[in-house]
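# Coordinate analysis (summary)
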Amino acid sequence: MFEYKFVQIKKKNTGFLQLPTENYQEIIHTHAAEGWRFVQFVIMPSAQAVGFPEYYELIFEKKTE
């Protein structure tokens, strides 16, 4: 069995470039140190601006006992 954790990262409004507001690598390293395994990076589409992300989501898993 696994436990899953979803971490949302907001995006910067910088015009055409849609950059994350946080350092995703740092978030992954921090969670790994806590026993979480990085599984997936998901770009969540915006309902208002076609082709642009609303936010980014990191998915982690940890084995449960």
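Residues numbered from 1 in each chain as written. Predicted model: local features only at pLDDT ≥ 70, side-chain atom pairs only at ≥ 80, totals over all residues. Heavy atoms only, no water.

### A word on the sheet that holds strand S3 (residues 53–63)
Inclusion rule: Two strands pair if DSSP finds at least two bridges between them. Comment: elements are numbered from the N terminus, with helices defined as DSSP H or I runs of at least four residues and strands as E runs of at least two. To define axes, lines are fitted to C-alpha atoms, for helices over the stretch in contact only, and angles between the resulting N-to-C directions are given on a 0 to 180 degree scale.
Read from one edge of the open sheet, three strands run S1-S3-S2, paired in antiparallel fashion. A strand with exactly one partner marks an edge of an open sheet, and here the two such strands are strand S1 (2–10) and strand S2 (37–45). Taken pair by pair, the neighbouring strands of this sheet meet at an average axis angle of 20°, ignoring direction. Inspection of the sheet shows S2 paired to S3 by eight bridges, in the antiparallel sense.

### Regarding the confidence of the model for the chain
Going by this rule: A score from 0 to 100, pLDDT tells how confident the predictor is in each residue.
For the chain, mean pLDDT is 86; residues scoring 70 or higher make up 85% of the total. Element-level mean pLDDT values for the chain span from 90 in S2 up to 96 in helix H1 (residues 24–33).

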